[in-house]
Protein chains: 4
Amino acid sequence: MGMVGGGNDAFIGSIHRKAFNMDGLIELSCGALSINPEIAKESGKDLFLPEERIYLTYDEMIKKESELPAEKRIDFVTIVTPNFAHFAPAIMALDHGFNVVIEKPMTFTLEEAKELKKKVDETGLQLCLTHTYSGYPMVKQARQMVQSGALGKPRKIVVEYFQGWLSKLSEREGYISGLKITRLSADLNIMVKGRALDDDGSVLLKFENEVSGVLMASQVAAGEENNLKIRIYGEKGSIEWMQHEPNTLIVKWLDEPTQILRAGSNYTKALSTFATNNCRTPGGHPEGYLEAFANIYRNFALTLLSKLEGKEPTKEMLDFPGVDDGIRGMAFIENVVASGNSNEKWTEYVV
Amino acid sequence: MGMVGGGNDAFIGSIHRKAFNMDGLIELSCGALSINPEIAKESGKDLFLPEERIYLTYDEMIKKESELPAEKRIDFVTIVTPNFAHFAPAIMALDHGFNVVIEKPMTFTLEEAKELKKKVDETGLQLCLTHTYSGYPMVKQARQMVQSGALGKPRKIVVEYFQGWLSKLSEREGYISGLKITRLSADLNIMVKGRALDDDGSVLLKFENEVSGVLMASQVAAGEENNLKIRIYGEKGSIEWMQHEPNTLIVKWLDEPTQILRAGSNYTKALSTFATNNCRTPGGHPEGYLEAFANIYRNFALTLLSKLEGKEPTKEMLDFPGVDDGIRGMAFIENVVASGNSNEKWTEYVV
Amino acid sequence: MGMVGGGNDAFIGSIHRKAFNMDGLIELSCGALSINPEIAKESGKDLFLPEERIYLTYDEMIKKESELPAEKRIDFVTIVTPNFAHFAPAIMALDHGFNVVIEKPMTFTLEEAKELKKKVDETGLQLCLTHTYSGYPMVKQARQMVQSGALGKPRKIVVEYFQGWLSKLSEREGYISGLKITRLSADLNIMVKGRALDDDGSVLLKFENEVSGVLMASQVAAGEENNLKIRIYGEKGSIEWMQHEPNTLIVKWLDEPTQILRAGSNYTKALSTFATNNCRTPGGHPEGYLEAFANIYRNFALTLLSKLEGKEPTKEMLDFPGVDDGIRGMAFIENVVASGNSNEKWTEYVV
Amino acid sequence: MGMVGGGNDAFIGSIHRKAFNMDGLIELSCGALSINPEIAKESGKDLFLPEERIYLTYDEMIKKESELPAEKRIDFVTIVTPNFAHFAPAIMALDHGFNVVIEKPMTFTLEEAKELKKKVDETGLQLCLTHTYSGYPMVKQARQMVQSGALGKPRKIVVEYFQGWLSKLSEREGYISGLKITRLSADLNIMVKGRALDDDGSVLLKFENEVSGVLMASQVAAGEENNLKIRIYGEKGSIEWMQHEPNTLIVKWLDEPTQILRAGSNYTKALSTFATNNCRTPGGHPEGYLEAFANIYRNFALTLLSKLEGKEPTKEMLDFPGVDDGIRGMAFIENVVASGNSNEKWTEYVV
């Protein structure tokens, strides 16, 4: 694979490398690692790339790599440039037959996101979006429990993300419940004087099937530590998950004792294969953020390998965020901003 | 003291008795314990009341008791009748010179609440409202920390009460922060078909000084257990308290490790006297709901005793909810309902 | 009832009063509250005792009270004097037909404890020992689960009591498991120079049925807060309880998710009646140390009432610690000290 | 680097690979991955090793690799064979100038361990032992706090490892405190009939400076999940760490509120560089077992790189377990077994 962005001057590039290195399925073969040629070269050397595959622009990289013989050519491109510079290299990579991984948010605007989807559909290639949150085994377990109906009809969804930006919540809200938002009411605030972006926001939500929800995000929550917490209440039971302690899923029941489900455990009534496939160690060995990130790459790589072998990828392999999630994320942000600027109590959710 | 309501057929009466019995400062001397004369009589006997002080109506009780010689006469009346029947006996008791304790909510309407305040002001007597929440030592500690500025200027308030009614939140929102609401936006829902009352509600709030807030209450949170949780975020630090584990106050700091403050502890930098005065046991001996309830009665009794002795009650004695808290609670409910029925995004808060 | 000891100069007396006042079943009618006559008199007045029933010695109190007519006479005596002064008033009270409540430890020596048992057996009266720990609803639940075999054959018992004296553990070890100790190996230390008593101790235990155990107590555990924690591991599952959060019982299963049982909950598979009878409030209203203490008095009072009415007390009523628990506690201490002084690895447990 | 053992049939090999892959500092270049030639070959291919560097025996691998030119030759050998087969390849690798990483336990006997130390001392090469526990940032923080005296003189050490073997505790006891054991008393049991190894053990310990300790390990703790927990109590404060939630270090103080230290945090009074150097992500992004494992490899690799560049490695680089830790671990096991078989209460600790 090859990287666009992610040189020595970019923190996120090294996170991606730790994640895709973890399982030995993916090898960094080339890169256009910075728009600064010095940094691009230095970073390439530091990563032990062969000189001829250290490129200075993504344009050059995609062209040259597409001309290599199949067995040498990369299978996909990871784009970790700033947000506004995701779209162009993604389109170009797809046009040249490369699958694509994109750091979140997928694009700069919803419009770009929709165009990107068209391109993905046309080419039949895979696009993977690194919404880390969906890579945690117990988030996958939560999703299976909610969507299989084990908790009964959902009634209420509460998401909080203290010491996080509201825009980051774009990746969270749909994955577990699978429900579509119909209306929303947003209160956005700039609390710290001088900040350009809203640093505090609360959103009341209505989902399909008369499910209601509350989302809260804040950068002014002193002492909180990137504290993402998700609760979904159903008719029979509810789930609670926190990024803080990601290997635990709390399941509360209407008439039964609360249960503590732990990643890596062997229960008589087993955890979902979506969860168990994404653990690397037995119960009691905590896994974390990098493992969740690595799960996204691993499932993406398994999907590509499966397709290379002419096989249909399994549902478990395909369990990574894709272009539709990217569109949903962009739409979410635009709808929240629109509602924040509106005097209407409820604004209709538009995609 | 004497009780109006709270006979054998009423759960809440026995809670009050456990609470006021705890410290040996208050003695039940008479009662009009039920509108059902049979139950009134039976309940009086079960509580070892002398026959002549088992009354069948509050009217009778207040009149007869007020005619007793001072040393035999009760000092106050506790009213634990249904909500709509709080107002009349409270007014009558005050008119006859008795101090009053009222089970929450204080009255049936905001108007009644305001009239009651007038009467309290006129008579100079004490009215105590059993907002239990304010009786917990660590809630008192939280209040002192917030209002003394130890956490810096408040920025955000989040209150959740899952498996509780929104109306119950009326007692919670103002105590710790002391801030006034200026505007609000309420989303009220009936989730369980057939219910007459909203069983799920979320409210966005604006307080004075540009503090924002979110309140959530729900009766449809399967598996939650009367889970009241309060968080206040300030510029320098924040506090978190849960009724579940009431002896713990979590204090998070911007640049310091999170601290776990525990009721009954002796720290170098001591807990507030408002907290320490309301603990009965040394650290490590958990206190609970009944002790918090008893603290309200204890402080009320100490206030009455102090006044009887002609002394000014201390601030710590006066730390129990009064008629202003009752008005605030009633106003809160009316404002929430008005906003819930409105299509305006924000409705002004009216008291 | 009447109290021996527990005047204004004694903390523990006020704890007993809060506990027995709570449920309105017990009334303080007389007392020999201090060996200091001044304090005895003052304390009696402060507690609103009639002057003629404020005694200066227990001797006087027991004699005079036993001469009163049955309907005026007290039913039991509570003894809260220093440890060495439990035995004499207890024997005398029983001899005069009074039931007895004794603050722990029951006596000063094992020998006294055995004599007391003889007296109890002879008189057929009730003796109640205020081992508070056994009054917590979830400790009772734990006991039922262990002794009913729900967790399978017990294998291992771990008790820790940090910031507590080893001697206090005497009340803990037998209640839940019901198992008898057969051998032990104790390591006792004085860690803080100048202390007269061992302030740190660890004991390896062998119980009947090849169950093994570890007990740890320490007064040198800086920052711990009277932290009592009990774990019992069985073949199929295990329980964990902490005084810190007494309304929670953690049940871990071999092949199932861990369960969180909460006092006051209504589960399909209900909590034991031994637990539910000892809750005063619905789930979510935390109860604590004083309620556990009050449960002991309540069950004792219900037992006396039942006997007064000529009825056999139920098992649930009789669920308070008695003279056998007192003997076990005294024997435990003596065995631990003997083992601590021995060079033998294992010493046989002697009662 | 090259691996001895760790083929497709061995779980632990893949854990090592995930760990050393994580930071991009280490590349697998050759291997003698199994004593079964078929598996050795297949595994080598699966790991994309060049055919000529897939060896069938460690003997062959070490010889051939030592004959390669310096720039192609591996820098170290990782040995993940069964315990009894650690010693021979380790000695041979050292003899041929290769540094060595060994999966725990270091050797099969204490004697082997001592011989290995001689060889390490002779050759001046690095030996690294993968005691994972010491790789957690908050364990490093704990160590710094204890050894710097921040908690005052240590008094008591409690280690529990439920659902783990006592022998695994060999790696735990010395790292944080740095104290030497002087005497011990072990109780070892086989609880599950038919097991060959003791599946339950408790050990009373005496350390230098009159510190006392308790170690407990058990394979019969139903429902526990590899639950390693360490507490060290000092005169002024104490620390508590659990593998379960490895990013948290609880610090309890004699006269101050308990503090929750979190990995990745920026406190005014900063965490130790030993801790901060071993975090890959900012606070709030949980790291786990594989990251702790990777820290050992990373520090080992940084040490080798530093030496290659002719520089003295920093203390922080050298913070990985070495041959002395291996000796201590083996000695611990032998002493525990000896005490378990002895009738003496205390046996002297022999190294």
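Overview of the structure. All of these numbers come straight from a predicted model, not from anything done at the bench.

1. Quick notes on the sheet that holds strand β2 (residues 30-32) of chain B
All names here are of chain B.
Phase 1 of the analysis: With parallel pairing, the 5 strands of this open sheet are ordered in space as β2-β1-β3-β4-β5. The open sheet is flanked by β2 and β5 (127-129), the only strands paired with a single partner. The sheet shows a mean angle of 15° between the axes of neighbouring strands, direction not considered.
Phase 2 of the analysis: Strand contacts of helix α4 (residues 87-95): β1 (2-4), β3 (76-79) and β4 (99-102), with the helix running at about 160° to β4, the strand carrying the most contacts.

2. A closer look at helix α2 (residues 37-46) of chain C
Residues and elements named next belong to chain C.
Phase 1 of the analysis: Along α2, the residues that are buried comprise Ala40, Ser43 and Gly44. Along the axis of α2, the buried residues cluster in a sector spanning 100°; they form a single face. Facing away from the buried side of α2 by more than 90 degrees, the exposed set consists of Glu38 and Lys45.
Phase 2 of the analysis: For α2, the side-chain oxygen to backbone nitrogen distance between the N-cap and Glu38 is 2.9 Å, and the N-cap itself is Asn36.
Phase 3 of the analysis: Phi turns positive one or two residues past the end of α2, at Phe48, with a value near 60°.

3. Some words on the interface of chain C and chain D
Phase 1 of the analysis: Contact with chain C, which involves 46 residues of that partner, is made by 46 residues of chain D.
Phase 2 of the analysis: When chain C packs against chain D, the two sides together hide about 3300 Å² of surface, and 52% of this comes from carbon and sulfur.
Phase 3 of the analysis: On the chain C side of the interface with chain D, the three residues burying the most area are Arg155(C), Ala222(C) and Lys345(C), jointly 20% of the side's total.
Phase 4 of the analysis: The interface formed by chain C and chain D includes 8 salt bridges.
Phase 5 of the analysis: At the surface where chain C touches chain D, the tally comes to 24 residue pairs in polar contact (both at pLDDT 80 or more).
Phase 6 of the analysis: Those elements that place two or more of their residues in the side of chain C that touches chain D are β6 (154-162), β7 (181-189), β8 (200-207), β9 (212-218), β10 (227-234), β11 (237-242), β12 (248-253) and α9 (323-341) of chain C.
Phase 7 of the analysis: Broken down by class, the residue content of the side of chain C that touches chain D amounts to 15 nonpolar, 15 polar and 16 charged.

4. So, the relation of the copies chain C and chain D
The operation linking the two copies of the chain is a rotation about an axis combined with a translation along the axis.
Phase 1 of the analysis: With an RMSD of 0.0 Å, the fit of chain C onto chain D corresponds to turning through 180° and sliding 0.0 Å along the axis. Taken together, the rotation angle and the small translation identify this as a two-fold axis. Proximity to the rotation axis, assessed at the C-alpha, singles out Lys345(C) in chain C; its C-alpha lies 1.9 Å from the axis.
Phase 2 of the analysis: A shared binding surface is used by both copies, with 100% of the interface residues of chain C retained as interface residues in chain D.

5. Comments concerning the interface of chain A and chain B
Phase 1 of the analysis: The interface is formed by 45 residues belonging to chain A together with 46 residues belonging to chain B.
Phase 2 of the analysis: Here chain A and chain B share an interface that buries about 3200 Å² over both sides, 52% of which is from carbon and sulfur atoms.
Phase 3 of the analysis: Summed over the three residues of chain A that lose the most area to chain B, namely Arg155(A), Ala222(A) and Lys345(A), the buried surface amounts to 20% of that side.
Phase 4 of the analysis: We note a salt bridge from Glu160(B) to Arg231(A), for which the minimum N-O separation is 2.5 Å.
Phase 5 of the analysis: Applying the counting criterion to the chain A and chain B interface returns 24 residue pairs in polar contact (both at pLDDT 80 or more).
Phase 6 of the analysis: Elements represented by at least two residues in the side of chain A that touches chain B include exactly β6 (154-162), β7 (181-189), β8 (200-207), β9 (212-218), β10 (227-234), β11 (237-242), β12 (248-253) and α9 (323-341) of chain A.
Phase 7 of the analysis: Each residue belonging to the side of chain A that touches chain B can be placed in one class, and the counts come to 15 nonpolar, 14 polar and 16 charged.

The rules behind these values
- Residues numbered from 1 in each chain as written.
- Chains lettered and ligands numbered in written order.
- Predicted model: local features only at pLDDT ≥ 70, side-chain atom pairs only at ≥ 80, totals over all residues.
- Heavy atoms only, no water.
- Pairing = 2+ DSSP bridges.
- Helix = DSSP H or I, 4+ residues; strand = E, 2+ residues; numbered from the N terminus.
- Axes fitted to C-alpha atoms, helices over the stretch in contact; angles between N-to-C directions.
- Contact = heavy atoms within 4.5 Å.
- Buried < 20%, exposed > 50% of the residue type's maximum accessible area, 1.4 Å probe, protein only.
- Arc of directions from axis to C-beta.
- Polar contact = N/O pair within 3.5 Å; in protein donor to acceptor, adjacent residues only side chain to side chain.
- Buried area = accessible area lost by both parts, 1.4 Å probe.
- Salt bridge = Lys/Arg side-chain N within 4 Å of Asp/Glu carboxyl O.
- Nonpolar A, V, L, I, M, F, W, Y, C, P; charged D, E, K, R; others polar.
- Least-squares fit on C-alpha atoms with pLDDT ≥ 70 in both.

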